[in-house]
Amino acid sequence: MAGVTARAQRAPNSPRAPQSRAAQDRVTVDLSAVVVAVAGETPRVLALRGPDGADALPAGPLEPQHRTLELGLRAWVEAQTGQPLGYVEQLYTFGDRDRQLAGPGRVLSVGYLALLREAAPAGAGDSLWSDWYRHFPWEDRRAGRPELLDRIEAALAGWVEAAAAEPERRRREARLRLAFGLGGLPWGEERVLERYELMYEAGLAAEAHRDAPGDGRDRVCPALAEGAPMAADHRRILATGIGRLRGKIKYRPVVFELMPPTFTLSQLQRTVEALAGLRLHAPNFRRLVDSQGLVEETGEVAGGTGGRPARLVRFRREVLQEQPEPGVRLPLSRRPA
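Attention here is on the structure that accompanies the text. Remember, it's a predicted structure, so these values are computed and weren't measured experimentally.

**Focus: the overall build of the protein chain**
Along the protein chain, the regular secondary structure elements total ten helices and ten strands. Residues counted as buried form 45% of the 337 residues belonging to the protein chain. When the accessible surface of the protein chain is summed, it comes to about 16,600 Å², and 51% of that surface belongs to carbon and sulfur atoms.

**Notes on the nonpolar core**
A general trend in soluble globular proteins is that nonpolar side chains are found buried together. The biggest cluster of nonpolar side chains holds 61 residues, and the ones touching the most others in it are V34, I152, L156, F180, L245, F256 and L268. Take this core: its biggest share by element is seven residues, from helix 3 (residues 148-161). Residues within four places of V34 in sequence aside, it is in contact with V45, L57, L91, Y112, L113, A114, I237 and L238. Listed in part, the 16 residues of the second largest apolar core include A37, L73, Y112 and L116.

**With respect to the pattern of salt bridges**
Opposite charge on two side chains permits pairing when their charged atoms draw close. Summed over the entire model, instances satisfying the criterion amount to 30 salt bridges. Across the pair R246 and E139 runs a salt bridge, and its minimum N-O distance is 2.9 Å. A residue pair is termed long-range when its members are at least 10 positions apart, and R246 in helix 7 (residues 234-248) and E139 in the loop between strand 8 (127-131) and helix 3 qualify at 107 residues. Residues R246 and E139 agree in their burial class; the two are buried. Connected via shared salt-bridge partners are E161, E166, R169, R170 and E173.

**Section: helix 7**
Here helix 7 contains 15 residues, and its C-alpha end-to-end distance of 21 Å stays within 8% of the 21 Å for a straight helix at 1.5 Å per residue. Counting buried positions along helix 7 gives 14 out of 15 residues, so the element sits mostly inside the fold.

**Examining the packing of aromatic side chains**
One pass over the structure, following the stated rule, counts eight aromatic pairs. Geometrically, the ring pair formed by F180 and W187 is edge-to-face, given 6.4 Å between the ring centres and 70° between the ring planes. Judged by centre distance (6.3 Å) and plane angle (55°), the rings of Y196 and Y200 are tilted. Highlighted residues: Y196 and Y200, both in helix 5 (residues 192-202), separated by four residues, approximately one helical turn.

About the criteria used
Residues numbered from 1 in each chain as written. Predicted model: local features only at pLDDT ≥ 70, side-chain atom pairs only at ≥ 80, totals over all residues. Heavy atoms only, no water. Helix = DSSP H or I, 4+ residues; strand = E, 2+ residues; numbered from the N terminus. Buried < 20%, exposed > 50% of the residue type's maximum accessible area, 1.4 Å probe, protein only. Areas by Shrake-Rupley, 256 points an atom, 1.4 Å probe, with all protein chains shown as cover. Core = buried A, V, L, I, M, F, W, Y, C linked by side-chain atoms within 4.5 Å. Contact = heavy atoms within 4.5 Å. Salt bridge = Lys/Arg side-chain N within 4 Å of Asp/Glu carboxyl O. Expected span 1.5 Å × (residues − 1). Phe/Tyr/Trp six-rings, centres within 6.5 Å; stacked < 30°, edge-to-face > 60°.

As structure tokens, then:
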């Protein structure tokens, strides 16, 4: 992977490192984008279809002509997909030594989250919009608890019992209970990355077998057929983006970056539900939106709803100055199992 490199510094009088060591010390900075839009009730992520069929996030190396990391990211996304970006925020820097592509040197991937108002047609090359639950089907609980979770939790219970020592077994058990809401703990919709990391360690994620073929350490589970893998560690980056967005909609009005200029309260609720993977209590949701002053009336109604015309509203941007943490809370229709 080409890109900007940085070499480890040597002391002035130290002997020149051999080329192999220099290659090992090279660091490449990569820029990756989790670009999200919601179409109907489907949260979608912008992806590139690879030659092996595995999706990849738009990404590219930081290059000398890029004045900032964000400008470099925007340039790569538009070049690869034809999609200009609006709202962008930095997610995390990924650089685990055992989670990078083969080859000399170290790859640091700076991940970004970008939000678009609508899932416009993918533009250049092999870009497409992919339902993010295609990669994380166990995260969608809008129709109730997915049956797939029974197999996942049973497999992870076997991984817990396979621990070599009792302290490790207890540590794994605690992680499993917290990530999947077991033993009376609640399901945390934001813990997307923690659930994926457990599945990766146990071998349920296909990427674990691809990244270390023949390495059976702690991987007592066969890879799931459900949950489409992604190139490199892009499913890990996507999990981070989903978790960040699920958390952030509770205290910042970022969901409105995904909405059209005018919308109904039902459309807003369905968008929040699509992102959270949960069904909400409609009357409580509307009371919360109204009480926080997040929207204002337009004086118009939406046609073609199949019933009583629904009033159209728009986001009140003044709320950003009026409240320190305005966001859309999640009043559940029922406590998820």
